[in-house]
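Structure at a glance
Take a look at the letters that make up each chain.
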Amino acid sequence: MKKTLAMLVTLCLLLSLFAPVALAEGDVTITFAFWDTNQEPGMKAIAEAYMAKNPNVKVETQVTPWNEYWTKLEAAAQGGALPDVFWMHSNQFYKYVTAGMLLDLTDLNLDYSPYPAGITALYNYEGSQWAVPKDYDTIALAYNKELFDKAGIAYPDDTWTWDTLRETAKKLNDVENGVYGFAAPNDTQSGYYNFVYQNGGKIFENGESGFNLPETQEAIKTWMNFMLEDGISPSLESFTDMSQDDQFQAGKVAMEFIGSWMMSAFTSNEFIKDKFDLCVLPQGKTRASIYNGLGYAGAYNTANPDVVKDFIAFCGSEEANILQAQNKAAIPAYKGTEHYFTDLFTNINIACYTEMIEYGVQFPFSPNKSLWEGTETELMTSAYTGELTVEEACNQLHEAIMEIEAE
Amino acid sequence: MSAQAINSDLRRKKPFRFQSDWGWAYLLIAPTIIGLIILNLYPFVETIILSTQKSQGLGAAKFVGLQNYEKLFADKQIWQSTWNTLYYMILTVPVGVFLALVLAVLLNSKIRGRDVYRGIYFMPMVVAPAAVAMVWKWIFNAEVGILNQFLGLFGVATINWLSDPNTAIISCAMIGIWSAVGYDLVLILAGLQSISTSYYEASEIDGASAVQRFFHITVPLISPTLFFVVIMRVMTSIKQFDTVYLLIKSTNPAYKKTITLMVMFYREAFEKFNKGYASAIVMWSFVIIMVITAIQFWSEKKLVHYE
Amino acid sequence: MTTAAITPKRESAYRRRGKIGIHIVLLLGSIIMIFPFIWMILTSFKTQGEAIMIPPIIFPANWNLSNYSEVMRTLPFDALYVNTLLLIFWRVLCASVFSSMAGFAFAKLEFPLKKLFFAIILTQLMLPSQVFIIPQYMILSSMNMLNTIFALVFPGLVSAFGTFFLRQFYLSLPNDLMEAAKLDGCNVMQTFIKVMAPLTKTAVMALAVFTALFAYSDMMWPLIVNMNIDKMTLAAGISSLQGQHSTKYPIMMAGSALAMIPMLILYIAFQRQFIEGIALTGTKA
């Protein structure tokens, strides 16, 4: 008796070993992978809406944190096991498209006019379309109203320049109580890239790195000096223990650059939600705010290309864009649906995000950015710690990029 | 694996043999050997091949000869990471093993609640490393962490435990010691308990002090266990990955002076996508491990006392 | 393994004072060992605001469970528990059975190329496991076995350490037993199963504990091999709580506590087996 039972249990366990992901009741199951937990409700809503229309299809969502997402996707690409549908990012797009990993979406014949042209173009390669625009994001200046009120200083406005930013931050500095005026961390998209383009510099354009340009180096230097010379930003050490976003939310920095994707987290944080507001970025020689957009891509070797394409088309539809907006996921890419997102934020100046698209600069990317991104972070860290000067770090990075891109 | 075992191997008598029963033997080892060939040997060979190649993105790799190795030895960071790894080993092994030894000797002195103490010290071993890293990251937090707050009571200035280039690796080593001390303690205690009491009784009659007894009886008699513990610690510290990977990101100012060879390998392979260069790093670690293994064999003959 | 502790004949006053000293040292050590766990639990009941307050507060104002419900909403803990259990079960089973077979053969049988095969075992023990990740992944994907429990178990199907360890144990068993079995007409297989293997029960148990501990704490492999969160293990699942930007410590602590609980209960229930098992892996290997 005991033996039979043991055998039975073993048999069950044996089955568990080889059972694939729970078999769906529908005829077709497709997997849908992305990295942002904050956007999970939005993505699930889209998947559910699609399943309601197509009862024979089951869409399985998979969230993986940013770093692991790309590690995994790369392993999956090499192993021929990509998820059927997944988010694509400008940094990585080129690598996947040139390796033939993406499903050609050209024959969907979508109308791309509702999407920002820059983002459609981002995912267009050699005349074919490889991803459908999902959303866009820009960078704004967030400030803590309470700290401004306490210091009796007027809130930031669209007349601000780098100098106003520096001088105001100095006034807000209260180092004794651990409060800094501004956050200038080692960050690209919500960091020094904005300054570089406001200063007429470049990161990467037409096959050339822009890190050797004096404008670029000057901008990066100004950014780093906020911390190193002006003392208006917490130290690099401090950012490793608490990210700039956390420090802002804890009221330890009065201002920071912040991407629109953080808004759903900020407005649900009990401590900061009523204390902060947004403003367009201060200007340098010119105005600029880095924008970027994600896309929905499909796997080249999916078992169900027709279903995948149909699902991607649905993700790009007005209906799905409204769904992701209503779930506070991100600013939808589909023109005219932005207000579904902005309407959710009543007490902050969320509109500045959509305003800045006018002079927005596409987040720089290059065919091999994924190969030099890590080097960039490391070299910039060396510049922050004083191991290299800003010029040395930039020049070394310039050479590293040119070498990688030349191959 | 221990050198003790191999040594005892050399001294063992010829085993009993069933004549002409190769078939059985092969059948018995087949699953393990086939498994190891597929799971480990083939990947190892693959790594050697990869170390002579350069891969570009997701495309096919091309042969570049020893270029990766040239780059390796010219790379300042590889020497820094090698030093970091060895430094981590120097920090964790002597202190960790010494602490474990002291605690084991104390626990061996027939005191009340021995099992409770032993159970507490062993506890970190049953917690996933991700959880260990998270809780220590929280305790070490320079801004709001409890450790700095506590030390602040005694007037100690803020210490950037995990972001000061000089202390980050020490903090990681502290976590390493905290996690492993119970494990080492259990092994050493077992060794202590197998020492026959007659040695102590004899020395007591001779009037030896507790300290003399410790150095003249305890240490020699548990030297095989101690040696095994040291070797195991040396090997795991050279392969250190989890703690440093989870706690030290590339924007951390302490990054360069903290990352170990395995973390560097992982970042090159999976974050910078340089599989070829990453494989060369692995081969370099392999060389270091071989050298240390050789030292271990040599020192065992000199230092370890077998009964 | 013999457990002959030192038994002094009488306790002198000197000794008694010494014992108090020993207790003080051991207690201080215990506090250091146990504090992180207590801090984890306390933090897991605090709000984000309470957690980052300066000066810190030791106890939360309200013991609220919202962090637990939040983390259970983000991660499918039921699936993570089941997967971890299955992973441990299979790794332990495979390691015990295959390592017993091979350990016996290497200890008690003679066959051509024995040294070469043994060298293969040693290579695995020398190399860091990260080396194997990519090729192992490729093998699995060509078998079309990604995203399964099998994929989790895969790298642990055989155990070089287990083979080595059990071989040591078999070496210590007298050859007379083999002789006797042969005289009784047993072939090699019968000798192994009926005579020798039953004698290694404690060693196999020790290996089981050892394997279970390491399977439980393996983080990198499940993270890479299984795309789907409900095909992951506890160790890998909670590491995904460390998001890119926001670091919500109370929620992470709640997740860590939930991941820790099953192993901790097992450990408390079977403390003796755990510790003696581990001790055995040290004395024999």
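Predicted, not measured: the structure shown is a model, and the values here were computed from it.

Counting its regular elements, chain B contains 13 helices and two strands. Its C-alpha atoms give chain B principal-axis dimensions of roughly 75 × 75 × 30 Å. A buried classification covers 59% of the 307 residues belonging to chain B. Taking all contacts inside chain B whose residues are at least 6 apart in sequence as the whole, residues at least 24 apart take part in 69%.

Here the focus is the nonpolar core. With 344 residues, the main nonpolar core has F86, F182, M255, M263 and L278 of chain A together with F122 of chain B as its most contacted residues. In terms of residue count, helix α8 (residues 168–193) of chain B provides more of this core than any other element does, 15 residues in total.

On to the side chain of S179 of chain B, then. All names here are of chain B. Considering the arrangement of structural elements, one finds S179 in helix α8. Accessibility expressed as a relative area gives 18% for S179, which makes it buried. Within the structure, S179 has its side chain in polar contact with the backbone oxygen of I175 (distance 2.8 Å). With residues up to four places along the chain from it excluded, the contact list for S179 reads P124, M125 and V132.

Another aspect to go through is the pattern of salt bridges. In the structure shown here, the tally under the stated rule is 19 salt bridges over all chains. Of the charged contacts, one joins K275 of chain A and E146 of chain A as a salt bridge, the two residues approaching to 3.9 Å between their closest N and O atoms. Highlighted residues: K275 of chain A in the loop between α12 (263–266) and β13 (276–279) and E146 of chain A in helix α6 (residues 145–151), separated in sequence by 129 residues. For K275 of chain A, a relative accessible area of 27% translates into the label partly exposed. Note that D230 of chain A and R166 of chain A form a salt bridge whose closest N and O atoms lie 3.2 Å from each other. Taken together, the residues span a long stretch of sequence, with D230 of chain A in the loop between α9 (214–228) and α10 (236–241) and R166 of chain A in helix α7 (residues 162–172) at a distance of 64 residues. A network of salt bridges, in which partner residues are shared, links D115 and R118 of chain B together with R272 and E276 of chain C.

All names here are of chain C. On the surface, I20, I24, L28, I31 and F35 cluster together into a nonpolar patch covering about 480 Å² of accessible area. Relative to the elements of secondary structure, I31 occurs in helix α1 (residues 13–44). Since its relative accessible area comes to 51%, I31 is described here as exposed.

Let's shift gears to α9 of chain A. Helix length check: α9 of chain A, at 15 residues, gives a terminal C-alpha distance of 20 Å against a target of 21 Å (1.5 Å per residue), a fit within 8%. Buried residues of α9 of chain A: T216, Q217, A219, I220, T222, W223, M224, N225, F226 and M227 of chain A, and no others.

For the rest of this paragraph, the subject is the domain arrangement of chain C. All names here are of chain C. Per the domain assignment, the segments of chain C are domain 1 (2–43) and domain 2 (74–283). At the junction of the two partners, domain 1 supplies four residues and domain 2 supplies six residues. Carbon and sulfur atoms supply 89% of the area that domain 1 and domain 2 bury against each other, a total of about 430 Å² over both sides. Considering only the surface of domain 1 that becomes buried against domain 2, F37, M40 and T43 emerge as the three largest contributors, covering 87% of it. Taken together, the connections running from domain 1 to domain 2 amount to zero salt bridges. Where domain 1 meets domain 2, there are zero residue pairs in polar contact (both at pLDDT 80 or more). Of the residues belonging to the side of domain 1 that touches domain 2, the class tally is three nonpolar, one polar and no charged.

A word on the sheet that holds strand β1 (residues 28–34) of chain A. Here five strands make up an open sheet; going across it, the order is β2-β1-β3-β15-β6 (chain A) and the pairing mixed. Every other strand in the sheet has two partners, leaving β2 (57–63) and β6 (132–133) of chain A as the edge strands with one partner each.

Right, let's get into the environment of K115 of chain C. Within the fold, K115 of chain C resides in helix α5 (residues 114–126). The spacing of K115 of chain C and I32 of chain C is 83 residues in sequence and 46 Å in space, taken between C-alpha atoms.

One pass over the structure, following the stated rule, counts 70 aromatic pairs over all chains. On the basis of an interplanar angle of 90° and a centroid distance of 6.4 Å, the ring pair of F248 of chain A and F276 of chain A is categorised as edge-to-face. With a gap of 28 residues between them, F248 of chain A in helix α11 (residues 244–249) and F276 of chain A in strand β13 connect regions that are remote in the sequence. The class for F248 of chain A is buried, based on a relative accessible area of 0%. Seen in terms of ring centroids, F73 of chain B and W79 of chain B are 5.9 Å apart; in terms of plane orientation they differ by 35°. Their pairing is tilted. The exposure class of F73 of chain B is partly exposed, given its relative accessible area of 41%. Site record: aromatic cluster; members linked through ring pairs are F32, F34, W35, Y50, Y69, W70, W87, Y96, Y296, F311 and F314 of chain A. Sitting over the face of the ring of W87 of chain A, K134 of chain A holds its NZ or CZ atom 4.5 Å from the ring centroid. For K249 of chain B, the ring lying beneath its charged end belongs to Y245 of chain B, and the centroid distance is 5.1 Å.

Contacts between the two partners involve 112 residues from chain C, matched on the other side by 101 residues from chain B. Summed over both partners, the interface of chain C with chain B comes to about 10,200 Å²; 75% of that surface belongs to carbon and sulfur atoms. In this structure, the connection of chain C to chain B is made through one salt bridge. Among the ionic pairs, D115 of chain B bridges to R272 of chain C, the shortest N-O distance being 3.0 Å. At the surface where chain C touches chain B, the tally comes to 12 residue pairs in polar contact (both at pLDDT 80 or more). Among the elements that make up the side of chain C that touches chain B, the one with the highest residue count is α1 of chain C (18 residues).

Residues and elements named next belong to chain A. It is at 9 Å that the axes of helix α17 (residues 369–385) and helix α18 (residues 390–406) come closest, and there the two elements cross at 165°. Of the possible angle classes, the one that applies to α17 and α18 is roughly antiparallel. Judged by the sense of rotation from one axis to the other, the crossing of α17 with α18 is right-handed. Between α17 and α18, the contacting residues are K369, L371, W372, T375, E376, L379, M380 and A383 on the first element and V390, A393, C394, Q396, L397, A400, I401, I404 and E405 on the second. Here the residues of the contact of α17 with α18 sort into 12 nonpolar, two polar and three charged.

This part is about the interface of chain A and chain B. Across the contact, 32 residues belong to chain A and 24 residues belong to chain B. The tally of links from chain A across to chain B stands at two salt bridges. The closest approach of N and O atoms between E74 of chain A and K275 of chain B, which form a salt bridge, is 2.5 Å. On inspection of chain A and its partner chain B, the count reaches eight residue pairs in polar contact (both at pLDDT 80 or more). Those elements that place two or more of their residues in the side of chain A that touches chain B are α3 (66–78), α4 (90–98), α10 and α17 of chain A. Top element by residues in the side of chain A that touches chain B is α17 of chain A. It accounts for nine residues. Taken together, the residues that form the side of chain A that touches chain B break down as nine nonpolar, 14 polar and nine charged.

Thresholds, definitions, all that
- Residue positions are given per chain, counting from 1 as you read along its sequence in written order.
- Here every chain gets a letter starting at A, and every ligand a number starting at 1, in the order they are written.
- Predicted model: local features are reported for residues with pLDDT of at least 70 only, side-chain atom pairs are reported and counted for 80 or more only, and whole-chain, interface and lining totals are derived from all residues.
- Computation of side-chain values: all heavy atoms of the structure, hydrogens and water removed.
- The helix count covers DSSP runs of H or I at least four residues long, the strand count covers runs of E at least two residues long, and both are numbered beginning at the N terminus.
- For every residue, the accessible area obtained with a 1.4 Å probe (protein chains only) is divided by the maximum for its type, and the residue is called buried under 20%, exposed over 50%, and partly exposed between those limits.
- Here, two residues are considered to be in contact whenever any of their heavy atoms come within 4.5 Å of each other.
- What is meant by a nonpolar core is a set of buried Ala, Val, Leu, Ile, Met, Phe, Trp, Tyr and Cys residues, joined one to another through side-chain atoms within 4.5 Å.
- What qualifies as a polar contact is a pair of N or O atoms within 3.5 Å, subject to a donor-acceptor requirement within protein and to the restriction that residues adjacent in sequence count only when both atoms come from side chains.
- For this document, the term salt bridge refers to a Lys or Arg side-chain nitrogen within 4 Å of an Asp or Glu carboxyl oxygen.
- Only residues whose relative accessible area exceeds 30% and that take part in no salt bridge are eligible for patches, with like-charged residues grouped when within 9 Å of each other and nonpolar side chains (Val, Leu, Ile, Met, Phe, Trp, Tyr) grouped when within 5 Å.
- To measure how exposed things are, a 1.4 Å probe is used in the Shrake-Rupley method; for residues, cover is taken only from the protein chains shown.
- What a helix is expected to span follows from its residue count: subtract one and scale by 1.5 Å.
- For the purposes of this description, domain bounds are those given by an automatic or database domain assignment.
- In short, buried area is how much 1.4 Å probe accessible area vanishes from two parts on joining, totalled over both.
- Residues are grouped as follows: Ala, Val, Leu, Ile, Met, Phe, Trp, Tyr, Cys and Pro are nonpolar; Asp, Glu, Lys and Arg are charged; every other residue, Gly included, is polar.
- Strand pairing follows a simple DSSP-based rule, namely that at least 2 bridges must link the two strands.
- In summary, the pairing rule links any two rings of Phe, Tyr or Trp, Trp by its six-membered ring, whose centres are within 6.5 Å, and it sorts them by plane angle into stacked for under 30 degrees, edge-to-face for over 60 and tilted for everything else.
- To sit over a ring, a charge needs its Lys NZ or Arg CZ within 6 Å of the ring centre and within 35 degrees of the ring normal.
- An axis is simply a line fitted to the C-alpha atoms; with a helix, the fit covers only the stretch in contact. Between two such axes, the angle follows the N-to-C directions and lies from 0 to 180 degrees.
- Any angle that falls under 35 degrees is termed roughly parallel, while one over 145 is termed roughly antiparallel, one within 65 to 115 roughly perpendicular, and all others oblique.
- For a crossing to be left-handed, the near helix must be turned anticlockwise from the far one by less than a right angle; the clockwise case is right-handed.

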